[in-house]
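Next come the chains, spelled out residue by residue.
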Amino acid sequence: MRKLVYYVASTLDGFIAAPDGSYDFFPLEPDVAAHLTAAWPQTFPTFAHAQLGIASPPTGRFDAVVMGRATYDPALKLGVTSPYAHLEQYVFSRSLPPSDDPQVQIVDGDPVAFVRDLKQRPGGDIWLCGGGSLAGQLLDEVDELVVKLNPVLIGSGIPLVDRGFAAHRFTLTETRPFDSGVVVLRYTAGPR
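Below: a short report on this structure. Keep in mind the model is a prediction, meaning the values are calculated, not measured. (Residues numbered from 1 in each chain as written. Predicted model: local features only at pLDDT ≥ 70, side-chain atom pairs only at ≥ 80, totals over all residues. Heavy atoms only, no water.)

Okay, the nonpolar core next. In terms of nonpolar packing, the biggest core is built from 24 residues, with Leu-4, Tyr-6, Val-66, Tyr-90, Phe-92, Leu-128 and Leu-138 touching the most fellow members. Counting residues per element, this core draws most heavily on helix α4 (residues 111-120), at 4 residues. Each residue touching Leu-138, except ones within four places of it in the same chain, is listed here: Leu-4, Pro-111, Val-112, Val-115 and Leu-128. Listed in part, the 23 residues of the second largest apolar core include Trp-40, Met-67, Tyr-72 and Val-91. (Core = buried A, V, L, I, M, F, W, Y, C linked by side-chain atoms within 4.5 Å. Buried < 20%, exposed > 50% of the residue type's maximum accessible area, 1.4 Å probe, protein only. Helix = DSSP H or I, 4+ residues; strand = E, 2+ residues; numbered from the N terminus. Contact = heavy atoms within 4.5 Å.)

So, on to the sheet that holds strand β5 (residues 104-107). Read across the open sheet, the 8 strands follow the order β5-β4-β3-β6-β1-β7-β10-β9; overall the sheet is mixed. Two strands lie at the open edges of the sheet, namely β5 and β9 (170-177), each paired on one side alone. For this sheet, the mean inter-axis angle between neighbouring strands, taken without regard to orientation, is 20°. Inspection of the sheet shows β9 paired to strand β10 (residues 183-189) by 7 bridges, in the antiparallel sense. Across the sheet, Thr-171 pairs through a bridge with Thr-188, a residue of β10. (Pairing = 2+ DSSP bridges. Axes fitted to C-alpha atoms, helices over the stretch in contact; angles between N-to-C directions.)

The subject of this paragraph is the pairing of strand β4 (residues 88-92). With 4 of its 5 residues buried, β4 lies for the most part within the structure. As defined by bridge partners, strand β3 (residues 62-68) adjoins β4 across 5 bridges and the pair is classed as parallel. Bridging across to β4, Val-65 finds its partner in Gln-89. With helix α3 (residues 69-77) bridging β3 and its parallel neighbour β4, the resulting β-α-β unit is right-handed. Two elements, β4 and β5, share 4 bridges in a ladder whose sense is parallel. When the sheet's bridge partners are listed, Phe-92 is paired in β5 with Val-107. (Right-handed = clockwise from strand over helix to strand, strands pointing away.)

The next point concerns the side chain of Arg-2. Looking at the element boundaries, Arg-2 is found in the segment before β1 (4-11). A distance of 3.0 Å separates a polar atom in the side chain of Arg-2 from the backbone oxygen of Leu-118. A distance of 2.5 Å separates a polar side-chain atom of Arg-2 from the backbone oxygen of Gly-124. With residues near it in sequence (within four places) discarded, Arg-2 still touches Asp-63, Ala-64, Glu-88, Leu-118, Lys-119, Arg-121, Pro-122, Gly-123, Gly-124, Asp-125, Ile-126 and Asp-143. (Polar contact = N/O pair within 3.5 Å; in protein donor to acceptor, adjacent residues only side chain to side chain.)

Helical geometry note: an α-helix holds 3.6 residues per turn, so side chains three or four residues apart project in the same direction. Among the residues making up helix α1 (residues 30-39), those that are buried are Val-32, Ala-33, His-35, Leu-36 and Thr-37. Those residues of α1 that are buried are in contact with β1, α2 (49-52), β7 (144-150) and β9.

All chains considered together, the criterion is met by 10 salt bridges. Here Glu-141 ties to Lys-119 by a salt bridge, and the two come within 3.6 Å at their closest N and O atoms. With Glu-141 in the loop between α5 (132-138) and β7 and Lys-119 in helix α4, this residue pair connects regions lying 22 residues apart in the sequence. The same class applies to Glu-141 as to Lys-119, namely buried. For Lys-119, the salt bridge is made with Asp-143, and the minimal N-O distance between the two is 2.9 Å. Here the residue Lys-119 occupies a position in helix α4, and Asp-143 occupies one in the loop between α5 and β7, the gap between them amounting to 24 residues. For the residue pair Lys-119 and Asp-143, the accessibility class agrees, reading buried in each case. A single network of salt bridges, built from pairs that share partners, joins Arg-61, Asp-125, Glu-144, Glu-174 and Arg-186. (Salt bridge = Lys/Arg side-chain N within 4 Å of Asp/Glu carboxyl O.)

Here His-49 is to be found in helix α2. Those residues in contact with His-49 that lie beyond four places of it in its chain are Pro-41, Phe-44, Ile-54, Ala-55, Pro-58 and His-86.

Before going further, it helps to examine the packing of aromatic side chains. Under the counting rule described, the total for this entry stands at 8 aromatic pairs. On the numbers, 4.6 Å between centres and 50° between planes, the contact of Phe-25 with Phe-26 is tilted. Classification of Phe-26 by relative accessible area gives buried; the value is 15%. Centroid distance Tyr-84 to Trp-127: 5.1 Å. Interplanar angle 80°. Geometry classified as edge-to-face. You can see Tyr-84 sitting in the loop between α3 and β4 and its partner Trp-127 sitting in strand β6 (residues 125-130), a full 43 residues away along the chain. Trp-127 carries the same exposure label as Tyr-84, and that label is buried. (Phe/Tyr/Trp six-rings, centres within 6.5 Å; stacked < 30°, edge-to-face > 60°.)

Shown next, in the form of structure tokens:
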């Protein structure tokens with residue numbers, strides 16, 4: 001069965017974006033960029049592949065990406081309707097109309113039921129791109145958590161997971177520190 005992998009950057013205090021949704025305080029340090037483009041090339045927008053030296057299409061474990069509307073909005077503001085054209089793209093939104101781009105499906109239904117069904121279909125793993133609200137709704141479906149922990153505190157913003165109190169245990173499976181202070185942490189979900 002396919003896995004749902006929440007792969008995301010976070011601050012030390014557990015935020016994935018500022019209150020306004022911006023994330024420019026997460027610089028892509030050269031030492032981290034080299035690792036991420038080699039290990040996680042599918043998580044970079046298609047339009048950045050040539051600039052970053054990523055083969056097109058990139059190979060890797062993902063063939064689908066799910067995201068919330070706020071995560072999709074920055075691409076739309078740039079006029080990019082298909083930010084991850086190399087992946088099946090699903091955007092969860094109750095306010096967006098159906099996409100004119102055939103590579104993007106707007107999903108206005110229950111994210112949990114949709115992802116459970118998606119996990120049963122043949123294919124590679126599914127990348128949960130963000131944001132915190134969608135991650136909160138899908139937390140019970142997350143099989144793996146990969147956090148790019150950045151050495152910065154911001155005090156408030158969009159949390160890694162936005163939901164009511166519910167403890168979820170994860171097991172640390174890999175730690176990759178970088179000279180820039182970023183640490184990539186990889187976890188698997190505990191028993192459900």
